Amino acid sequence: MAKLQFYFDPLSEPCRSVQLFLEANKIPYEAKLTELLSAETRTEQFKKINPVQTIPAIVHGDFKMFESIAILQYLTAKFSTPDHWYPTDITKRARINEYLHWHHMNARWKGGLLVVMKYIYEPHFYKREVSEEVKKASIVALKSTLDIFEKCFLKDHKFIAGDEISIADLLAIGEFIAPDIIGVYVGKGRPKVEAWHNNIKKALGATYDKAHEALYHHMNDIKNLVPPIDY
Amino acid sequence: PCRAVQMFMKMNNIPFDYHHIDLAKGEQQSEAFLKINLFGRAPAIKDGDFRVAESIAILQYLAAKFSTPDHWYPKDITARAKINEYLCWHHNNTREGATGIFFNAVIGPKVRQQPRDEEVIKTAKTKLSATLDMLENYFLKGHSFIASDQISIADLLALCEFTQIERLDIDVGKKRPNVKAWREQVIAKLGSHFDEAHEIIIDLAKHLNVTAEPFE
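Residues numbered from 1 in each chain as written. Chains lettered and ligands numbered in written order. Predicted model: local features only at pLDDT ≥ 70, side-chain atom pairs only at ≥ 80, totals over all residues. Heavy atoms only, no water.

**Looking at the overall build of chain A**
Stage number 1. Counting its secondary structure elements, chain A contains nine helices and four strands.
Stage number 2. The secondary structure elements of chain A, listed N-terminal to C-terminal, are β-α-β-α-β-β-α-α-α-α-α-α-α.
Stage number 3. Rg of the C-alpha trace for chain A: 17 Å, near the compact-globule value of 17 Å for 231 residues, within the 12% margin.
Stage number 4. Each of the three principal axes of chain A carries a C-alpha extent, and together these read 50 × 45 × 30 Å.
Stage number 5. The buried share among the 231 residues of chain A stands at 55%.
Stage number 6. In chain A, the share of contacts with a sequence separation of at least 24, taken over all contacts with a separation of at least 6, comes to 70%. (Helix = DSSP H or I, 4+ residues; strand = E, 2+ residues; numbered from the N terminus. Rg over C-alpha atoms; globule rule 2.2 N^0.38 Å. Buried < 20%, exposed > 50% of the residue type's maximum accessible area, 1.4 Å probe, protein only. Contact = heavy atoms within 4.5 Å.)

Shown next, in the form of structure tokens:
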């Protein structure tokens, strides 16, 4: 099998989800660092890898694809990873698919990314004005998304799908942990979410720490840009 | 998304009991419906004791459970990956663009008595334009259907977003020959099931006196 080429930026939430999966399953890959803040996805060269110019993207021999969730689904099948990652049982898979499709417009766009965009990236990196009202609204959106996440997905389980970790957990934690670098920790006041986060860290061990090194290192770059947030 | 699931079940002769959820009356938030679907959104299915929400998850479940012809959601790893790629991209692109326009130009002003937000509509139109370009130049490039030479669940989902905005005289195939041909082929495949599923949206548009919305 050709070696997988993985185009990613560890500061990107969906990239971290795929990286966690690759590392946890010891799938060999060629790391192709593609930095968002340096606009490396906007080059003509990267457009040949992914016409939508998003990351993550993979090249596997002659096969190329994008969209983190679709990539994870491909990897579970192609590398025959342990069943719990994306069970073949129809009802267990349906439960995870429900999460995967809710994720896009909820955890991804009304979750941690929204908060970091409004507090860090839009005002300080992309030089767009963001009112205090819009910033606060992002925190309200995150809390509302977490309420649904707890009630409809996490419930009383150890992981989203039940007792074992799956690709759903990798995607969710990718998004929800993002604003931790500005002191917005989703486990605060939410013991089930905190327990779930700890379950993930325990299940992944050193793999979790490695995938988050760059994120927490980045915290040093941005700590003086954002005043303390009331969360 | 409800129409997409309905047409899939009809095309595959999957028997079902239909329960109308009146979205305009907020029935999706009723206590009775929340027992079916905690998210309070339609569509939802109940198969014995097993409940599934999210249209794409429902379609994936039905394809597996009822062993529908492979082309609907192919088992081949790379063929499925390409369809999954579209299914993921769909949410923030096709759906956000097309439903963004429909919701803000029709449902908002005519059902919820909210003023039109021109900025939001303009953003949705930009999104729709970019979406159609991607369909024209990537997803349909070299294929009769989305990422495939045969119809799949991806085509049902995309088509339903576009047929909705056709009520506003937005012709998605106007400047895009691949999109135009695709649309005609999907509708031809669906036959009477297409007409049946769309009766209600045609009636709704007449009832609300929906007018044309400019779009290039």
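**Notes on the overall build of chain B**
Stage number 1. Of the regular secondary structure elements, chain B holds eight helices and two strands.
Stage number 2. What you see for chain B is a C-alpha radius of gyration of 17 Å, in line with the 17 Å of a compact globule of 216 residues.
Stage number 3. A total of 216 residues make up chain B; the buried ones form 51% of that total.
Stage number 4. In chain B, 68% of the contacts between residues at least 6 apart in sequence involve partners at least 24 apart.
Stage number 5. As displayed, chain B has an accessible area near 10400 Å², and 51% of this comes from carbon and sulfur atoms.
Stage number 6. A distance of 1 Å separates the average location of the 27 positive side-chain charges in chain B from that of its 29 negative side-chain charges. (Areas by Shrake-Rupley, 256 points an atom, 1.4 Å probe, with all protein chains shown as cover. Lys, Arg positive; Asp, Glu negative; His and termini not counted. Charge placed at Lys NZ, Arg CZ, Asp CG, Glu CD.)

**Looking at the interface of chain B and chain A**
Stage number 1. At the junction of the two partners, chain B supplies 29 residues and chain A supplies 30 residues.
Stage number 2. Both sides together, the interface formed by chain B and chain A hides about 2500 Å², and carbon and sulfur atoms give 72% of it.
Stage number 3. If you look at where chain B meets chain A, you find zero salt bridges.
Stage number 4. Applying the counting criterion to the chain B and chain A interface returns seven residue pairs in polar contact (both at pLDDT 80 or more).
Stage number 5. Mapped by element, the contributors of at least two residues to the side of chain B that touches chain A are strand 2 (50-53), helix 3 (55-65), helix 4 (77-111) and helix 5 (118-139) of chain B.
Stage number 6. For the side of chain B that touches chain A, the leading source of residues is helix 4 of chain B, giving 13 residues.
Stage number 7. When grouped by side-chain class, the residues that make up the side of chain B that touches chain A number 17 nonpolar, five polar and seven charged. (Buried area = accessible area lost by both parts, 1.4 Å probe. Salt bridge = Lys/Arg side-chain N within 4 Å of Asp/Glu carboxyl O. Polar contact = N/O pair within 3.5 Å; in protein donor to acceptor, adjacent residues only side chain to side chain. Nonpolar A, V, L, I, M, F, W, Y, C, P; charged D, E, K, R; others polar.)

**Notes on the packing of aromatic side chains**
The way to describe two aromatic rings as a pair is by their centre distance and the angle between their planes.
Stage number 1. For the structure shown, the criterion picks out 22 aromatic pairs over all chains.
Stage number 2. With a centroid separation of 4.8 Å and 45° between ring planes, the pair formed by W102(A) and F153(A) is classed as tilted. Here W102(A) is found in helix 4 (residues 90-108), whereas its partner F153(A) is found in helix 6 (residues 132-154), with 51 residues between them in sequence.
Stage number 3. By relative accessible area, which is 3% here, W102(A) ends up buried.
Stage number 4. A ring pair is formed by F8(B) and W72(B), whose centres lie 5.3 Å apart and whose planes are at 85°; its orientation type is edge-to-face. With a gap of 64 residues between them, F8(B) in helix 1 (residues 2-11) and W72(B) in the loop between helix 3 and helix 4 connect regions that are remote in the sequence. With respect to class, F8(B) is no different from W72(B); both count as buried. (Phe/Tyr/Trp six-rings, centres within 6.5 Å; stacked < 30°, edge-to-face > 60°.)

**Regarding the pairing of strand 1 (residues 4-8) of chain A**
Residue and element names in this part refer to chain A.
Stage number 1. For strand 1, the buried fraction is high: five of the five residues fall into the buried class.
Stage number 2. Strand direction decides the pairing type here: strand 1 and strand 2 (residues 29-33), joined by five bridges, are parallel. Looking at the pairing, F6 lines up with A31 of strand 2.
Stage number 3. Read as a crossover between parallel neighbours, the route from strand 1 over helix 1 (residues 13-24) to strand 2 is right-handed.
Stage number 4. Direction of pairing for strand 1 relative to strand 3 (residues 57-60): antiparallel, over a ladder of four bridges. Bridged to L4 within strand 3 is H60. (Pairing = 2+ DSSP bridges. Right-handed = clockwise from strand over helix to strand, strands pointing away.)

**Points about helix 3 of chain B**
A turn of α-helix holds 3.6 residues, and therefore any two residues three or four places apart point the same way.
All names here are of chain B.
Stage number 1. Within helix 3, nine of the 11 residues are buried, leaving the element largely enclosed by the surrounding structure.
Stage number 2. Residues of helix 3 that are buried include every one of S55, I56, A57, I58, L59, Q60, Y61, L62 and A63, and no others.
Stage number 3. Downstream of helix 3 by a residue or two, S67 has a phi angle that is positive, lying close to 45°.

**Quick word on the confidence of the model for chain B**
Stage number 1. Chain-level statistics for chain B give a pLDDT mean of 93 and a share of 100% at 70 or above.
Stage number 2. This prediction of the complex comes with two scores: 0.95 for pTM and 0.95 for ipTM. (pLDDT = per-residue confidence, 0-100.)

**A word on the environment of I83(B)**
All names here are of chain B.
Stage number 1. Mapping I83 onto the fold places it in helix 4.
Stage number 2. Considering only alpha carbons, one finds I83 and A147, 64 residues apart in sequence, at a separation of 6.2 Å.
Stage number 3. Beyond its immediate stretch of four places on either side in the chain, I83 contacts Y73, P74, I146, S148, S152 and A154.

**Here we look at a negative patch on the surface**
Residues and elements named next belong to chain A.
Stage number 1. Together, D83, D89, D163 and E164 line one region of the surface with negative charge.
Stage number 2. Position of D89 relative to the elements: it lies in the loop between helix 3 (68-78) and helix 4.
Stage number 3. Judged by its relative accessible area of 36%, D89 falls in the partly exposed class. (Patch = residues over 30% accessible without salt bridge, like charges linked within 9 Å, V, L, I, M, F, W, Y side chains within 5 Å.)

**Considerations on the pattern of salt bridges**
Residue and element names in this part refer to chain A.
Stage number 1. Inspection of the entire model under this criterion finds 23 salt bridges over all chains.
Stage number 2. Between E13 and R108 there is a salt bridge, with the nearest N and O atoms lying 3.0 Å from each other. Of this pair, E13 sits in helix 1 while R108 sits in helix 4, placing them 95 residues apart in sequence. Side by side, E13 and R108 carry an identical accessibility label, which is buried.
Stage number 3. Salt-bridge contacts for E122 lead to R128; the nearest nitrogen and oxygen are separated by 3.8 Å.
Stage number 4. Its relative accessible area of 11% is what places E122 among the buried residues.
Stage number 5. With a relative accessible area of 45%, R128 lands in the partly exposed category.

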